Amino acid sequence: MVSRKTVSRMSRYRRLLQSLRESGVESIYSHQLARHAVVSAAQVRRDLMVIGYSGSPNKGYDVGACIDSIGHFLDGTARQEVALVGVGNLGHAVLSHFADKSPSVAIVAAFDVDPELTDTLIHGVRCVDVSLMADLVRDLGIEIAVLTVPGEAAQDAADKLVSAGVKSIISFAPTPLALPNEIFVEYMDITAALESAAYFARLGGREEPAGNGDGDIEPMVKKLESLLARSNMKLEDLATNIGARMVTAGKPGGTTVAKVYAGDRVSDLLNEASDKTLLVSNLASVQMLRVAELMDVPGICFVNGVEPDAEMIQLAEDNDTLLMVSPQGVFETCGLIYQALDTEHT
Ligand code: NAD
């Protein structure tokens, strides 16, 4: 299972790649796709790795193959059919937008209470009286619905759709829906989006950097983030300060980091790693070096005196990854890093 944000980024990548292919682009580097998608290059590489796209980030991704891989991930094998409920202004616009698009997901039926609309064809989709909705949705095996009804009609329509077998709902209505947990609901709240845009426009477009989920960050962590943000300490100086032994030199000219992450699970390391992260880990394995290569990680500190083997050192040298070995455990090493950064500013 992947998060809804990942799925939504995949959809964005595919649309961008399709438009790039139409303008003749055949291959693209992760940082270029990242710029178009307004995410980091590491995010692009991580997402494409999640879906099993095996293109090489070093040589650039093959645009066509990448579109195919995203298609296998997003589309499944059978065409998925969608019902739209409420064929007013927005319903018309949605039907018009999706006419002739994405054969893997298609709006096949529309429903409305208005007798004037019954049995009309709107952008190629038959509009049917809403009293027939439950039976038709069940008979056609439709599992996805778009709600473009007024707020007061949304809950009742959603209940009927769910009891007819719908599993995912995209709702444009400004009303929260009470539905079973297993139903996926995506709210398209244009008003909230506009108000956010207006708010940040007034602030000159600045957004507070995201915290650890709730914004409820412990003071020590906050301080560490602030120390890292202000730090000019090169990784090799940090190694000296924490009593770690340098194994490989890293990037010519040295590197500073903006984040330190300690962990031993490859999936966690992949999530947290970036081109500004020092990874601290017990996991002295080739996998660690692969994570570093994939995410452009500048430095790894192995703890408990665990020494990297020759293959790991070679990989680190090939990728300019700085390796250091701390004789301390992970907890003590992180404490020493904190202390070294704190001392830098006092
Ligand atoms: P609209 O009044 O033009 O259309 C609503 C349609 O729903 C009508 O055709 C109506 O007959 C039908 N309807 C009413 N009750 C129904 C029911 N029980 N079952 C089936 N159909 C029913 O409204 P709109 O502007 O298209 O907006 C639709 C929804 O989207 C609203 O909830 C609105 O708040 C929201 N929304 C609209 C916009 C926009 O730009 N128009 C933007 C954001 C959100």
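None of these values were measured; they are calculated from a predicted model. (Residues numbered from 1 in each chain as written. Predicted model: local features only at pLDDT ≥ 70, side-chain atom pairs only at ≥ 80, totals over all residues. Heavy atoms only, no water.)

J.: Is there a simple way to think about the site of the ligand in this case?
T.: Gly 88, Asn 89, Leu 90, Asp 112 and Val 149 are the nearest of the 19 residues found near the ligand. One of the side-chain N or O atoms of Asp 112 is found 2.6 Å from an oxygen atom in the ligand. Here an oxygen atom of the ligand and a backbone polar atom of Val 149 are 2.7 Å apart. Here the ligand, which alone exposes 820 Å², has 68% of that area covered by the protein. (Near = heavy atom within 4 Å. Polar contact = N/O pair within 3.5 Å; in protein donor to acceptor, adjacent residues only side chain to side chain. Areas by Shrake-Rupley, 256 points an atom, 1.4 Å probe, with all protein chains shown as cover.)

J.: Would you take a moment to explain the packing of helix 6 (residues 133-140) against helix 7 (residues 151-163) for this structure?
T.: How two helices pack is summed up by the angle between their axes together with the distance between the axes. Put simply, helix 6 and helix 7 touch, their axes get as near as 8 Å, and they point 35° apart. Crossing hand, helix 6 versus helix 7: right-handed. Touching Met 133, Val 137 and Arg 138 of helix 6 are Ala 157, Lys 160, Leu 161 and Ser 163, all from helix 7. Of the residues belonging to the contact of helix 6 with helix 7, the class tally is four nonpolar, one polar and two charged. (Axes fitted to C-alpha atoms, helices over the stretch in contact; angles between N-to-C directions. Helix = DSSP H or I, 4+ residues; strand = E, 2+ residues; numbered from the N terminus. Left-handed = near helix turned anticlockwise from the far one by under 90°. Contact = heavy atoms within 4.5 Å. Nonpolar A, V, L, I, M, F, W, Y, C, P; charged D, E, K, R; others polar.)

J.: Which parts of the structure should I look at to understand unusual backbone geometry?
T.: With the exception of glycine, most residues fall at negative phi, and the peptide bonds are largely trans. Even without glycine at this site, Val 38 takes up a positive phi of about 55°. By secondary structure assignment, the location of Val 38 is in the loop between helix 2 (30-37) and helix 3 (41-50). Residue Val 38 is classed as exposed on the basis of its relative accessible area of 72%. Not every positive phi belongs to a glycine, and Asp 119 is a case in point at roughly 70°. Residue position: Asp 119 is located in the loop between strand 4 (105-112) and strand 5 (121-122). (Buried < 20%, exposed > 50% of the residue type's maximum accessible area, 1.4 Å probe, protein only.)

J.: Sorry if this is basic, but what is going on with the side chain of Arg 46 here?
T.: Within the fold, Arg 46 resides in helix 3. Buried charged residue Arg 46 carries no salt bridge. Nearest counter-charge: Asp 47, at 5.5 Å. Among the polar contacts listed, one links the side chain of Arg 46 to the backbone oxygen of Leu 270, at a separation of 2.6 Å. In this structure the side chain of Arg 46 is engaged in a polar contact, spanning 3.0 Å, whose partner is the backbone oxygen of Asn 271. Leaving out residues up to four positions away in the same chain, Arg 46 has contacts with Leu 270, Asn 271, Glu 272, Ala 273 and Met 295. (Lys, Arg positive; Asp, Glu negative; His and termini not counted. Salt bridge = Lys/Arg side-chain N within 4 Å of Asp/Glu carboxyl O.)

J.: Just checking my understanding: could you explain the environment of Leu 90 for this structure?
T.: Here Leu 90 lies in helix 5 (residues 89-98). Separated by 23 residues in the primary sequence, Leu 90 and Val 113 have C-alpha atoms spaced 15 Å apart. Contact partners of Leu 90, with chain neighbours within four places excluded, come to Thr 148 and Phe 172.

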